[in-house]
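Here's the letter readout for the chains.
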Amino acid sequence: MTDDAKRIDGPTLVLPAEKSPNAIRVQKSKVLVASGPLQGREFIVDRDVFAIGSGANNDLAVEDTTISRQHCEIERGPDGYVIRDLGSTNGTIVQGVRVSQAYLDQSTEFQLGKTRFVFCPLRESVEYVLSDQQAFGGLLGKSVAMRRVFHLAETYAPTDAVVLIEGETGTGKEVLAEEMHRHGRRSRKPFIVIDCAALARELIESELFGHNRGAFTGAAADRVGAFEHADGGTVFLDEVSELSPALQPKLLRVIERREVRRLGSNEMKRVDVRIVAATNRKLAAEVNAGRFREDLFFRLSVAHIEMPPLRRRKDDIPLLAAKFLKDFLGENALERVADFDGMMEALRRHDWPGNVRELRNVVEIASYSGRDKIDLGDFLYLGRMKSVEAEPAPVESDRPFKEAKNELIGRFEQAFIRDLLRRTDGNVSQAARQAGIERAYLQRLIRKYGIR
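Residues numbered from 1 in each chain as written. Predicted model: local features only at pLDDT ≥ 70, side-chain atom pairs only at ≥ 80, totals over all residues. Heavy atoms only, no water.

Here we look at the overall build of the protein chain
Stage number 1. From N to C terminus, the protein chain includes 13 helices and 23 strands.
Stage number 2. Working note: accessible area of the protein chain is about 22100 Å², and carbon and sulfur atoms make up 47% of it. (Helix = DSSP H or I, 4+ residues; strand = E, 2+ residues; numbered from the N terminus. Areas by Shrake-Rupley, 256 points an atom, 1.4 Å probe, with all protein chains shown as cover.)

Details of the side chain of Arg148
Stage number 1. With respect to the secondary-structure elements, Arg148 resides in helix α1 (residues 144-156).
Stage number 2. Note on Arg148: relative accessible area 10%, which makes it buried.
Stage number 3. Residues within four places of Arg148 in sequence aside, it is in contact with Asp48, Tyr128, Val129 and Leu130. (Buried < 20%, exposed > 50% of the residue type's maximum accessible area, 1.4 Å probe, protein only. Contact = heavy atoms within 4.5 Å.)

Things to note about the environment of Asp351
Stage number 1. By the element assignment, Asp351 lies in the loop between α9 (340-348) and α10 (355-367).
Stage number 2. The exposure class of Asp351 is exposed, given its relative accessible area of 52%.
Stage number 3. For the pair Asp351 and Arg311, spaced 40 residues apart in the sequence, the C-alpha separation amounts to 5.7 Å.
Stage number 4. Apart from residues lying up to four places away in sequence, Asp351 is in contact with Arg311 and Lys314.

Here's the deal with the sheet that holds strand β6 (residues 72-77)
Stage number 1. The strand order across the open sheet formed by five strands is β5-β4-β6-β7-β10, and the pairing between neighbours is mixed. This sheet does not close on itself; its edge strands, each paired only once, are β5 (60-61) and β10 (101-104).
Stage number 2. By the bridge criterion, two bridges tie strand β4 (residues 49-53) to β5 in an arrangement that is parallel. What sits directly across from Ile52, in β5, is Leu60. (Pairing = 2+ DSSP bridges.)

Concerning the environment of Arg281
Stage number 1. By secondary structure assignment, the location of Arg281 is in the loop between β22 (274-279) and α6 (283-288).
Stage number 2. For Arg281 and Val240, which are 41 residues apart along the polypeptide, the C-alpha to C-alpha distance reads 9.4 Å.
Stage number 3. Once residues lying within four places of it in the same chain are set aside, the contact partners of Arg281 are Glu166, Ser241, Glu242, Glu286 and Arg291.

Details of the pattern of salt bridges
Stage number 1. Summed over the entire model, instances satisfying the criterion amount to 29 salt bridges.
Stage number 2. Salt-bridge contacts for Asp327 lead to Lys323; the nearest nitrogen and oxygen are separated by 2.8 Å. Taken together, the residues Asp327 and Lys323, both in helix α8 (residues 317-329) and four residues apart, mark about one turn of the helix.
Stage number 3. Look at Lys323 and you get partly exposed, because its relative accessible area is 34%. (Salt bridge = Lys/Arg side-chain N within 4 Å of Asp/Glu carboxyl O.)

Regarding empty space enclosed by the protein
Stage number 1. Using the criterion set out here, one finds one cavity of 30 Å³ or more in the structure.
Stage number 2. Considering the residues around the largest cavity, the lining is formed by Ala157, Thr159, Asp160, Met180, His181, Gly184, Arg185, Arg186, Thr234 and Arg274.
Stage number 3. Grouping the constituent residues of the lining of the largest cavity by class yields two nonpolar, four polar and four charged. (1 Å grid on protein atoms, 1.4 Å probe; cavity = no way out; pocket = protein on both sides within 12 Å on 5 of 7 lines; lining within 4 Å. Points joined across faces, edges and corners; volume = space filled by probe spheres on them. Nonpolar A, V, L, I, M, F, W, Y, C, P; charged D, E, K, R; others polar.)

Observations concerning the sheet that holds strand β16 (residues 191-195)
Stage number 1. Reading across from one edge, β16-β19-β22-β15-β23 is the order of the five strands in this open sheet, with parallel pairing throughout. Looking at the sheet topology across the chains shown, the edges are occupied by β16 and β23 (303-306). Along the sheet, successive strands turn relative to each other by an average axial angle of 20°, direction set aside.
Stage number 2. Pairing between β16 and strand β19 (residues 234-238): five bridges, direction parallel. Within the sheet, the bridge partner assigned to Val193 lies in β19 and is Phe236. (Axes fitted to C-alpha atoms, helices over the stretch in contact; angles between N-to-C directions.)

A look at unusual backbone geometry
Stage number 1. Of note, the phi angle at Ser107 is positive, near 65°, even though the residue is not glycine.
Stage number 2. Within the secondary structure, Ser107 is located in the loop between β10 and β11 (108-112).
Stage number 3. Unusually for a residue other than glycine, Arg258 sits at a positive phi of about 55°.
Stage number 4. Note on placement: Arg258 falls in the loop between α5 (248-257) and β20 (259-260).

See below:
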């Protein structure tokens, strides 16, 4: 659940667990349909994410033409229950207020289209199980949010379930996917990454399914696609929401039939692969917007994991910062920090829009400063990414403010990108990950400034 959820009457009651020290007891809840086609019916909210909409595959499907196919979801978490609109046409109304998300409490009323509902916590409780570990491979965290992620990852990793990982850029979705592969029975087989946002649309079909020689102009030899290459292993589809509508039914066939056909071939080839997908968007909202197939959405989200943003897990910042300091400066890195606890307080006050990737970048930039004593707080903002001893760029006040500002930003962007590409040996994907920005956006900046 996010920090900006609107509280109506306060969160649902959350109790300490009785049976397990690695669980929280959250009240069971039900949704009563107060009006509309299902008036009088009651539905138990029995999943971490309970979907409501007019589509048949929702947990609560309502045949109401004023309700979107994927209208909203009720998420059960360590703080109780929150309802979240999924970009619906007519909105989600809670206690008379249209919201993007809101906490639910006893007798909270909400309306979707012309149908009214009442949220009712029950006397019974359900355990919200957490991992007893503070790491899952390369992922670290002692917060409740991350220990829930670790529990789900530990549960799904040994299986062949298709997994959808959602979360903001920089939260570690690819790391989680790779660790689930490493902890599963396919760990000795390939882990193939396909970035659906980075590949040109005319090339991604060949990347996924392969092609035969002569299939199109420039196809000088046969090519094995990702699914064939990963046979026995895992295919990770990063930013799957960017997959073109023309390719979505072909991906659906691969998931359902486990067979692929290369471009230029009539032969179907069987493949044994596990599919893990990730996106920084709400895929259900993409379904509502007509950009993503509903049947593919449900096939991809057999198992669902939400990666929490760093602002929701600030208790993990000391653990992560210490790990990154040691990565860049060695095991004795903490000796170079003057006041670690004070520095952590400063870092907790930051919102971290770039999430864990941004924190890692800050530590990396600080490690290049040459200082005997490091304070990461000095490197939080772009204007201070270089050494604090560097002279500030000259500012001329005899020109229009906007013109001078744009020129200064342009100089910064060019210098930053050139240095970033130098440190990553020109690897654009790696550079984008380190900078905490989208690869496509970095490519646009490279073209804008004519950087090679």
